[in-house]
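# Understanding the architecture of this molecule
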Amino acid sequence: MKKLDELKEWRRTHYSIEITPELDGKRVTVFGWLASIREQGGITFLILHDKEGAVQITMHKDKIPRSVLEKVKNIREHSSIGIRGIVKSIDKAPHGAEIIPEEMCILGIAQRQPPFSLFGGKMASIDKRLDIRVLDLRRPKAQAIFRIRHTVLKSIREFLIKKGYIEVSTPKIIATATEGGAALFPILYYDKEAFLAQSPQLYKEQLVIPFEKVFEIGPIFRAEESRTLRHLSEIVSIDVEEAFVSYEDIMRLIEQMIYHTVKEVRERCSSEMEFLGHELPVPKVPFKNFTYKDVLEILEKEGTTVNWGDDLSTQSLKVLGKIIPEFYFITDWPTFMKPFYIKPKGDKQDICESFDFMHGSIELASGGSRVSSKRLLVKRLKEQGLEPKLFRYHLRVFDYGMPPHAGFGLGLERLMMVLTWQENIREVTIFPRDRSRLTP
Ligand code: AMO
């Protein structure tokens, strides 16, 4: 095995995209991964990739120090290297300049070539790519997706903080289910059974007492039995809860948050969007609003019958997505279809103050006004076959002036699917977890 160089006093002076004609004649140090080596008429061209882009290193055999030539002979694509040299302005190179190297250090040797092509060529299957995800993430499309994700998270955080919400973190190891028992992951907590949190639901509701307006961006866990393009076992949920408001206020908040986020992505990620080859339109606000009953009627007209109280199947959501290919809400669901903490509607207790926030056929978020009376909450728990005793730590908080409150939980990955036009949720998740994947 070849000996590696040490980093020692080597430090980066510039990223690839900063190597421009204005630096002509300057000595620079760059680091990155060797994307290609090409020989042409006695000249060797290296293309070096770093997190910002690419730079060309050009070596005329008779003008380059022997030590550099020796190193180039032994190096393979995808190795990580450092180059110190002089910038030369040249039209044909990326960003109009290249580097003529004086010194080179080899910092990480690529022992083997990736099992799939990173730059162009036929795209390998998702499973093959996920098996060595960090290499897959170097693909320019993946880079674009995760830079957009970064911007989406930043914009949502900024938006909520500016609106006066405080960011909280709640336990992910919990004692009781919040969204019903079926999708829980049991774990061994010392000598007791515990669960991974399906949602910060109960904690965020409790936290409106000390903080009034809270949000959390964190992982939630769902033991989904089937492998679909839209479900994972671990996702990032954006949860919001607020005191003294109703579900209608929360829908307006989502509208503003999505509008702000799309605008930020359009402004800050134009090159990534261009790279993904799609235009991201500014959403039309206010978003359309359909009740659950409206949706059944729309579907019936399309020849798809869904009975009152039935969930919208994948097939009926597809039909709906064709008719409403934009952001919209489905409100006023039958009470028994929603969790115990959702508030039944004043004069029509069989429907509740709830919404699903949708884009086309994809459910992005759900939320609603919450039950704030302890008596009603106990009744709702029993109606849903849940044991109030198991929720005693939650219920006792309701003795201390629980205000009316409302909120939502939005799946970050689902939102990313919509913003980056990905059909498979795994493409927008760095290390996805599903029924059959627990590694890497
Ligand atoms: P719900 O269970 O509808 O509501 O989840 C909220 C949102 O989280 C996303 N989501 C998922 N995304 C991918 N894979 C999954 N397995 C998965 N499960 C959920 C969806 C969904 O709309 N406590 C309530 C929210 C609230 O009322 O505040 C809740 O968790 O985008």
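That block above? That's the structure.
To keep things clear, this report deals only with the structure shown in the data block.

About the cut-offs
- Residues numbered from 1 in each chain as written.
- Predicted model: local features only at pLDDT ≥ 70, side-chain atom pairs only at ≥ 80, totals over all residues.
- Heavy atoms only, no water.
- Core = buried A, V, L, I, M, F, W, Y, C linked by side-chain atoms within 4.5 Å.
- Buried < 20%, exposed > 50% of the residue type's maximum accessible area, 1.4 Å probe, protein only.
- Near = heavy atom within 4 Å.
- Polar contact = N/O pair within 3.5 Å; in protein donor to acceptor, adjacent residues only side chain to side chain.
- Areas by Shrake-Rupley, 256 points an atom, 1.4 Å probe, with all protein chains shown as cover.
- Helix = DSSP H or I, 4+ residues; strand = E, 2+ residues; numbered from the N terminus.
- Nonpolar A, V, L, I, M, F, W, Y, C, P; charged D, E, K, R; others polar.
- Phe/Tyr/Trp six-rings, centres within 6.5 Å; stacked < 30°, edge-to-face > 60°.
- Pairing = 2+ DSSP bridges.
- Axes fitted to C-alpha atoms, helices over the stretch in contact; angles between N-to-C directions.
- Contact = heavy atoms within 4.5 Å.
- 1 Å grid on protein atoms, 1.4 Å probe; cavity = no way out; pocket = protein on both sides within 12 Å on 5 of 7 lines; lining within 4 Å.
- Points joined across faces, edges and corners; volume = space filled by probe spheres on them.
- Salt bridge = Lys/Arg side-chain N within 4 Å of Asp/Glu carboxyl O.
- Parallel < 35°, antiparallel > 145°, perpendicular 65-115°, else oblique.

## Overview of the nonpolar core
Val152, Leu160, Ile258, Phe355, Phe357, Phe408 and Leu410 are the most contacted members of the largest nonpolar core, which totals 53 residues. Core analysis: the next-biggest nonpolar cluster, separate from the first, contains 31 residues, Ala243, Leu320, Phe340 and Cys352 among them.

## Remarks on the site of the ligand
What surrounds the ligand is a group of 22 residues, the closest being Gln201, Lys204, Glu363, Leu364 and Ser366. Tyr341 is positioned with one of its side-chain polar atoms (N or O) 3.0 Å from a nitrogen atom of the ligand. In the environment of the ligand, an oxygen atom lies 2.6 Å from a nitrogen or oxygen atom belonging to the side chain of Ser366. The protein chains hide 92% of the 620 Å² of surface that the ligand would expose on its own. Among the elements of the structure, helix 5 (201-206), strand 15 (362-369) and strand 16 (405-411) are those that each provide at least two residues to the shell around the ligand. Of the residues forming the shell around the ligand, the biggest block, five residues, is contributed by strand 15. Residue composition of the shell around the ligand, by class: seven nonpolar, seven polar and eight charged.

## Overview of the packing of aromatic side chains
Inspection of the entire model under this criterion finds 13 aromatic pairs. On the numbers, 5.6 Å between centres and 85° between planes, the contact of Phe329 with Phe355 is edge-to-face. Placement of the pair is Phe329 in strand 13 (residues 327-331) and Phe355 in strand 14 (residues 354-359), with a sequence separation of 26 residues. One exposure class covers both Phe329 and Phe355, and it is buried.

## Observations regarding the sheet that holds strand 4 (residues 80-89)
In space, the five strands of this closed barrel follow the order 1-2-3-5-4, with mixed pairing throughout. Ignoring which end each strand starts from, the neighbouring axes of this sheet average 50° apart. The strands touched by helix 1 (residues 66-74) within the sheet are strand 2 (43-50), strand 3 (53-60) and strand 5 (97-108), with strand 5 carrying the most contacts at an inclination of about 65°.

## Let's talk about the layout of surface pockets
By volume, the second largest pocket is sized at about 610 Å³. Lining the second largest pocket are 17 residues, and of these Asp50, Lys51, Gly53, Gln143 and Arg147 sit closest to its centre. Put simply, the parts of the chain that give the lining of the second largest pocket at least two residues each are strand 2, strand 3, helix 4 (140-162) and helix 8 (270-276). Across the lining of the second largest pocket, the residue classes tally to six nonpolar, four polar and seven charged.

## Describing the side chain of Arg380
Inspection of the secondary structure assignment puts Arg380 in helix 11 (residues 374-383). According to the relative accessible area criterion, Arg380 is buried, its value standing at 3%. A distance of 3.5 Å separates a polar side-chain atom of Arg380 from the backbone oxygen of Thr335. Once residues within four sequence positions are removed from consideration, Arg380 is found in contact with Thr335, Lys338, Pro339, Phe340, Ile342, Pro344 and Val371.

## Observations concerning the sheet that holds strand 15
Strand order across the open sheet formed by eight strands is 6-10-11-16-15-14-13-12, with mixed pairing between neighbours. If you trace the sheet from one side to the other, it starts and ends with strand 6 (166-167) and strand 12 (288-291), each paired once. Sheet topology places strand 10 (residues 213-221) next to strand 11 (residues 234-243); nine bridges connect them, and they run antiparallel. From the neighbouring strand, Phe221 faces strand 11, where its bridge partner is Glu234. Relative to the sheet, helix 4 contacts strand 6, strand 10 and strand 11, its axis offset from that of strand 10 by approximately 150°. Most of the contacts of helix 9 (residues 292-301) go to strand 12, to which it runs at about 85°, and overall it touches strand 12 and strand 13.

## What about empty space enclosed by the protein?
What the rule picks out here adds up to one cavity of 30 Å³ or more. The volume enclosed by the largest cavity comes to roughly 30 Å³.

## As for helix 10 (residues 314-323)
Buried within helix 10 are the following residues: Ser316, Leu317, Val319, Leu320 and Gly321. Looking at the buried positions of helix 10, the neighbouring elements they touch are helix 9, strand 13 and strand 14.

## Considering the pattern of salt bridges
Under the definition given, this model contains 37 salt bridges. For Asp127, the salt bridge is made with Arg437, and the minimal N-O distance between the two is 2.9 Å. Here Asp127 is found in helix 2 (residues 126-131), whereas its partner Arg437 is found in the segment after helix 13 (412-420), with 310 residues between them in sequence. When its relative accessible area of 9% is taken as the criterion, Arg437 is described as buried. A single salt-bridge network, built from bridges that share partners, covers Asp127, Asp131, Arg227, Arg426, Asp434 and Arg437.

## Things to note about the packing of helix 9 against helix 10
When two helices pack together, you describe them by how their axes are tilted relative to each other and by the distance separating the axes. Two elements in contact, helix 9 and helix 10, have axes whose closest approach is 10 Å; the angle formed by their N-to-C orientations is 90°. Comparing the axis directions of helix 9 and helix 10 gives the class roughly perpendicular. Contact residues: helix 9 offers Val295, Ile298 and Leu299, while helix 10 offers Ser316, Val319, Leu320 and Ile323.

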